[in-house]
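An overview of the molecular structure
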Amino acid sequence: MLRLIRSLKELYKYRMLIRNLVSRELKARYRGTILGFLWSFFNPLLLMVIYTIVFGFIIGPRDPSLGGSPWLYALFLFCGVLPWTWFSSSSLESANVLMVQGNLIKKILFPSEILPIVVVFSNFIHFLFGLPILLLFVPIMGKTFTPFILFLPVVVFVQFVFSMGFSFLISSLTVHFRDIKDILANLLTFWFFASPIIYPMTFAPIQKSAFLKVFLNLNPMTHIMQGYQNCIFFGSLVRWKRLGVTFLVALILFFVGYYIFDRLRESFPEEV
Amino acid sequence: MIAIDVENVTRIYQKYSARHRFKTFKSALVKGDLFKALRPDELVTALNGISFKVEKGTTFGVIGENGSGKSTLLKIIAGIAKPTSGKVSVQGKVSALIELGAGFHPEISGRENVFINGIMLGLSKREINEKFNEIVKFAELEEFIDAPVKTYSSGMYMRLGFSIAINVNPEILLIDEVLAVGDASFVPKCLDRIDNFRRRKKTILFVSHDLTTVEKICDQVIWLKDGKIQIIGEPKRVIDTYLQDIAHKQEDDFEVRHKEIDLEQKWEEEEREKRWGGREIEIRKVTLKSLDGQEKHVFAPKDGMIIEMDVKASSQIKDFVFGIGIFNSKGVSCYGTNTHLEDFEPVSIRGEGKVVCKISQLNLVNGTYYLDVAVHKRDGYPYDYHRNLYSFLVSSRYRDEGVSRLSHSWSFSPQIKIKPPK
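Bear in mind that the values here come from a model prediction, so they are computed numbers and not experimental data.

Definitions and cut-offs
- Residues numbered from 1 in each chain as written.
- Chains lettered and ligands numbered in written order.
- Predicted model: local features only at pLDDT ≥ 70, side-chain atom pairs only at ≥ 80, totals over all residues.
- Helix = DSSP H or I, 4+ residues; strand = E, 2+ residues; numbered from the N terminus.
- Rg over C-alpha atoms; globule rule 2.2 N^0.38 Å.
- Buried ≥ 20, exposed ≤ 12 C-beta atoms within 10 Å, placed from the backbone.
- Contact = placed C-beta atoms within 7 Å.
- Core = buried A, V, L, I, M, F, W, Y, C linked by C-beta atoms within 7 Å.
- Pairing = 2+ DSSP bridges.
- Axes fitted to C-alpha atoms, helices over the stretch in contact; angles between N-to-C directions.
- Parallel < 35°, antiparallel > 145°, perpendicular 65-115°, else oblique.
- Left-handed = near helix turned anticlockwise from the far one by under 90°.
- Nonpolar A, V, L, I, M, F, W, Y, C, P; charged D, E, K, R; others polar.
- Expected span 1.5 Å × (residues − 1).
- Domains from an automatic or database assignment.

A separate point is the overall build of chain A. Check the secondary structure of chain A and you find 13 helices and zero strands. Starting at the N terminus and walking to the C terminus, you meet the elements of chain A as α-α-α-α-α-α-α-α-α-α-α-α-α. In terms of overall dimensions, chain A is globule-like: its C-alpha atoms have a radius of gyration of 19 Å, near the 19 Å expected for 272 residues. Here the C-alpha coordinates of chain A stretch approximately 55 × 45 × 35 Å along the principal axes. Counting across all 272 residues of chain A, residues that qualify as buried make up 38%.

Here it is, written out as structure tokens:
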């Protein structure tokens, strides 16, 4: 434990490097595209359009809490899809990052945990770019903000810790088990549908099935997604206890992930 | 004061084998040890009980063949790899030139890469700002610094990498064979910079195959062989021992090659270009020897060589000429002669005998040479002709060129200041 805290302190010294690597990542990402940074806005927007067409107009919103309006449903979707994109791209990129940037680990004295940290951070920045669009659409779709939106940073923080822990875990294990990359892609699709993103928790079939309810409640992402929906869409108070427990889980994941990363660290230069 | 202290360092690598990874992984998590669960035959010992100390302000060379553990040693000193056992302590800031530009991102400009690479190597943003112009100037990239690095040539890439690393201004500089890729004008510039480091009493650890440079700039040299220290000491002595070892190895190689020639075998049609003739007189064995009679295949230019042929004539023959020819690897005939050209008068040969040609000094430049031996009639009809069947190596530290090393000497009038070789 002491060693972990020492390593984390050590990391603080590298904040400059992390900042520069994140900005490099962002710059490099859209280099050569015409729209450049605008893609950070367009990507979630286009995704939302697709979901709105499919689930709003073709299938149609089936939950009464969404008022049967495809537009409201689109907003509801966006509340979940935007943070989910942050989580899933962070995880997918983390699975690769140690191998892709293997040169750094092999040739330069460089704390390798910086790599997944940079991944989570740069995806977090993309998330931040998408957030104003989401917030802009709230009044457009006829919803009003309530003071509970002030809890949004809390939810973001819980997700940050959770994503970070998951990225540590995934990135270090993938070095030894390359299969994780493929498993992860499928797992994330499943996880997406197993979290209340395209449907609300109040959806009738879920409420009727005890199994589904327990299952969804065991999924930490459920509470994070609900956090966003409560803050932004429903304008209600986040569910403190559940979010609190989720935060604890996120913290545990963070430390376990970091512990495993730290344990495997010395094997990276040979294996990547 | 000791700048680098390496104490009994051993580094073991795991041979790549996917089957045992799970086992390893479990032991890695439980014990924090990656190697315990593996059998010895799955391990490779890259370094084996290495200990040495480098005084502050000295230049220390590391030589050895490929795979002898030089780079591993450097990585361990740089802190990139961890020793399996043993301890390394380093006093002062280290900059490692292991792979130049290792952290460059191809999509962003040289300017941005200088900053990020500099930070990675331990500079602060302010320090980079101060040194930025110097870095760019040294790399000769003023015009291209705002272009993405992916548009750089490999030389430009390497120059920028070197320039950043050298401007980190470390106490200890680790250099791993990076100068091998530079062009003719950049390498002297780098060497100048390294010299400058030495004058400022910084510590340098220099890994190279360029023995001349090693001898020139190093105060001490360590020779690694199969992960062990063979000898540490004064450069000339270590390099000479190393070269002797290489010569031994080459000697063995050539000896094996020589032994593989089986003159007893039936020479098939397609091998006619290597050996032909009517075999009325047969060359049954060819041996290369040094002047003191030892069988030998690696020679220095000043050495002599004895070519010994065992011959056998099945009946009495009165017309015969013995000849030799030496060719270099480009196929250029370096020397050829025979008994007829030198006006020997054949009388008769019958049964077994020995022909010995003694060359008192080879005087050839470095390289592999091929030997022709032949016995034929005066009009050219071949009894037995062996074409390029035998080879030997001339190896020396001279770097002169051409075909033959003509014996020569230099002298200068007093107003010309020139230092003789060490």
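A count of helices and strands for chain B gives eight helices and 18 strands. For chain B, the C-alpha radius of gyration of 29 Å lies well beyond 22 Å, the compact-globule estimate for 422 residues. C-alpha atoms of chain B, sized along the principal axes, occupy 90 × 70 × 45 Å. Residues counted as buried form 32% of the 422 residues belonging to chain B. The long-range share in chain B, meaning contacts at least 24 apart out of those at least 6 apart in sequence, stands at 73%.

Ranked by internal contacts, the top residues of the largest apolar core, which has 131 residues, are F78(A), L74(B), L97(B), L174(B), L205(B) and F206(B). Tallying contributions element by element places helix α4 (residues 70-100) of chain A first for this core, with 15 residues. Here L74(B) is in contact with A96(B), I98(B), L174(B), D176(B), L205(B) and V207(B), once residues within four sequence places are set aside. Formed by 25 residues, the second largest nonpolar core is a distinct cluster that contains L288(B), V298(B), F320(B) and F322(B).

Right, let's get into the sheet that holds strand β3 (residues 59-63) of chain B. All names here are of chain B. Taken together, the six strands give an open sheet; going across it, the order is β5-β6-β7-β3-β8-β9, and neighbouring strands pair in mixed fashion. Looking at which strands have only one partner, the edges of the open sheet turn out to be β5 (94-97) and β9 (228-233). Ignoring which end each strand starts from, the neighbouring axes of this sheet average 15° apart. Inspection of the sheet shows strand β8 (residues 220-225) paired to β9 by five bridges, in the antiparallel sense. Considered in β9, the bridge of I222 is made with I232. Taken strand by strand, helix α8 (residues 235-260) contacts β3, β8 and β9, and its axis lies near 25° from that of β8.

We now examine the packing of helix α3 (residues 38-58) of chain A against helix α6 (residues 114-140) of chain A. In a packed pair of helices, the relevant descriptors are the angle between the two axes and the axis-to-axis distance. All names here are of chain A. Interhelical geometry of α3 versus α6 gives an angle of 65° and a closest axis separation of 8 Å. As far as their axial angle goes, α6 and α3 are roughly perpendicular. Seen from above, α3 lies across α6 with right-handed handedness. When α3 is examined against α6, the residues S40, F41, P44 and L45 are found in contact with a partner set consisting of H126, F129, G130 and I133.

With that settled, the discussion passes to the interface of chain B and chain A. Counting residues at the interface gives 26 residues for chain B and 23 residues for chain A. Listed by contribution, the elements that provide at least two residues to the side of chain B that touches chain A are α1 (21-31) and α3 (110-120) of chain B. Top element by residues in the side of chain B that touches chain A is α3(B). It accounts for five residues. Grouping the amino acids of the side of chain B that touches chain A by side-chain chemistry returns 16 nonpolar, four polar and six charged.

All names here are of chain B. Not every positive phi belongs to a glycine, and E140 is a case in point at roughly 55°. With respect to the element layout, E140 can be found in the loop between α4 (125-139) and α5 (154-167). Look at E140 and you get partly exposed, because 16 C-beta atoms sit within 10 Å. Positive phi outside glycine occurs at D226, with the angle close to 50°. For D226, the location among the structural elements is in the loop between β8 and β9. In this structure D226 comes out as partly exposed when scored by C-beta crowding, with 14 C-beta atoms within 10 Å.

Residues and elements named next belong to chain A. Across its 15 residues, helix α11 (residues 220-234) extends 20 Å between first and last C-alpha, which sits within 8% of the 21 Å expected from 1.5 Å per residue. Counting buried residues in α11 gives 13 out of 15 residues, a clear majority hidden from the surface. Once α11 finishes, G235 follows within two positions and takes phi at roughly 60°, a positive value.

Attention shifts here to the sheet that holds strand β13 (residues 305-317) of chain B. Residues and elements named next belong to chain B. Taken in spatial order, the three strands make up an open sheet running β11-β13-β16, and their pairing is antiparallel. Every interior strand has two partners, whereas the edge strands, β11 (281-289) and β16 (349-359), have only one. Shown here is a sheet whose adjacent strand axes are inclined to one another by a mean of 15°, direction ignored. The sheet contact formed by β13 and β16 spans ten bridges and is antiparallel. Looking at the pairing, V311 lines up with G353 of β16.

All names here are of chain B. Of the pairings in the sheet, the one linking strand β14 (residues 321-328) to strand β15 (residues 333-338) comprises five bridges and is antiparallel in character. In the sheet register, F327 faces β15, and the bridge partner there is S333. Between β14 and β15, which pair antiparallel one after the other, the connecting turn spans four residues, and G331 there sits at a positive phi close to 90°.

Entries for chain B in the domain assignment read domain 1 (2-232) and domain 2 (274-394). Taking only C-alpha atoms, the centre of domain 1 of chain B and the centre of domain 2 of chain B are 50 Å apart.

Our next topic: the pairing of strand β17 (residues 367-376) of chain B. Alignment of β14(B) against β17(B), held across eight bridges, turns out to be antiparallel. Directly across from I324(B), in β17(B), lies its bridge partner V373(B).

So, on to the environment of G118(B). Along the chain, G118(B) falls in helix α3. Between the C-alpha atoms of G118(B) and I128(B), which are ten residues apart in sequence, the distance is 6.6 Å.

Okay, the environment of L11(A) next. Residue and element names in this part refer to chain A. Topologically, L11 is positioned in helix α1 (residues 2-12). By C-beta crowding, L11 is classed as partly exposed, having 16 other C-beta atoms within 10 Å. Setting aside chain neighbours within four positions, we find L11 in contact with P111 and E113.

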